[in-house]
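# An overview of the molecular structure
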Amino acid sequence: MTIIVMKPGFHTTVQDLGRPGWRQGGIPEGGAMDRIALRIANMLVGNAEGAAALELTLNGPQLRLEQDVLLAVTGAQMAPTIDGEPLPQWRPVWAAAGAVIAFGQAVSGCRAYVAVAGGIDAVPVLGSRSTDTRAGIGGIAGRALRGGDVLPCGSDADAAGRARAAAWHASLAARAAAGAEGRRPNWAAPAWFAAPPRTPLLASPSSSGKRSTTVLRVVPGAEYGQFREAARTAFMRERYRVAPASDRMGVRLDGPPLEISDSAELLSHGVIAGTVQVPHGGTPIILAADCQTTGGYPKIAHVISADLPVLAQCRPGDWLTFTEVTLGEAQRILLDQEREMRLLSAAIRLRSRIHLI
């Protein structure tokens, strides 16, 4: 089964859950920026949660299906359509061969995900199909998609997942075949949908009245105490704006500069996604999925793991603020998020067993 890329969109890549275990060799972990959205998309089509899918950024692609397929779209709202008709998100969708799936500009959020039953069958590199455009590995030739690319689909699911996908595929295809006035629609979807885990601190009212402010929870970084008290206070109280130069390597922020009291240079040391570095000039950078493995800038904080999917949906011009939590609270929040994901996975599996399409 294959999918043809008619138009690539702004920056569309193949992503899975990354290639952990290679950072000691200077290889970033990479993978989907919004791992929650990727995992749910895969759940909805019977794949393993870490199967490769498409990550769409700000403006999506136009895709033509060469065979009937079961797919799911999650993440940012990019007004997806199938042959011009609105395509529902956060649910399994059966689509017929020849159908064209198109995306527009993101109305809300920054990144959307498209999973297909069996996953995108790109060649694995160091155990992952994720695209790392700086290293030129993974995905389709280690780059963002281009018009004319052919995406092969595989079988990245266990027996139960394949059976679940086959049952939904058959049920939705039958529903489409029984369309109004004998016409066979080119797609069908269930009424139910899978909502992502709750993010109670996702947004707060904006003083400008135009855009809400995303709240990210952080724990103090190793050099937090070396920043002047005024800088620590500003970091937790002031608003920062996502800069246009942000990408999968790091989210650059515009806002009050932060002054460190000790100007001594640091030796390069390990860094990970979520690290908030403060380079010369004082404006913070939040490292993201494709971040380097080492860095020498002081670290004022770390965005907690559970909020990295929230960060992934912040786009240039969005406002951010930070609020401090303890390490114990960060661990509890992550456990709660994973508990919700397990419950969601169980609910999706239950849908297939009792045929509630």
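Structure shown above.
Here is a short report on the structure shown in this document.

Rules used in this analysis
Residues numbered from 1 in each chain as written. Predicted model: local features only at pLDDT ≥ 70, side-chain atom pairs only at ≥ 80, totals over all residues. Heavy atoms only, no water. Pairing = 2+ DSSP bridges. Helix = DSSP H or I, 4+ residues; strand = E, 2+ residues; numbered from the N terminus. Contact = heavy atoms within 4.5 Å. Axes fitted to C-alpha atoms, helices over the stretch in contact; angles between N-to-C directions. Buried < 20%, exposed > 50% of the residue type's maximum accessible area, 1.4 Å probe, protein only.

## Comments concerning the sheet that holds strand 12 (residues 187-188)
- Across the sheet, which stays open at both edges, the six strands sit in the order 2-3-10-5-8-12 with antiparallel pairing between neighbours. Edge positions in the sheet fall to strand 2 (13-15) and strand 12, since each has one partner strand and no second.
- Taken together, the three bridges between strand 2 and strand 3 (residues 53-57) define a ladder with antiparallel strand orientation. In the sheet register, V14 faces strand 3, and the bridge partner there is L54.
- Against the sheet, helix 1 (residues 35-43) makes contact with strand 2, strand 3, strand 5 (69-77) and strand 10 (108-116), and its axis sits at roughly 155 degrees relative to strand 5, the strand it touches most.

## Examining unusual backbone geometry
- If you check the backbone angles, L58 has positive phi at about 65 degrees while not being a glycine.
- Backbone geometry at L126 places phi at a positive 55 degrees, although glycine is not the residue there.

## Here we look at the pairing of strand 16 (residues 250-254)
- Strand direction decides the pairing type here: strand 15 (residues 240-242) and strand 16, joined by two bridges, are antiparallel. What sits directly across from R241, in strand 16, is D254.
- Inspection of the sheet shows strand 16 paired to strand 19 (residues 285-287) by three bridges, in the antiparallel sense. Looking at the pairing, R252 lines up with I285 of strand 19.

## Considering the pairing of strand 14 (residues 213-220)
- Of all the eight residues making up strand 14, seven are buried; the element is thus mostly covered by neighbouring parts of the structure.
- Note that strand 14 and strand 21 (residues 299-303) share three bridges and pair antiparallel. Its bridge partner lying in strand 21, V219 is registered against H302.

Any link to function would need more than the numbers given here.
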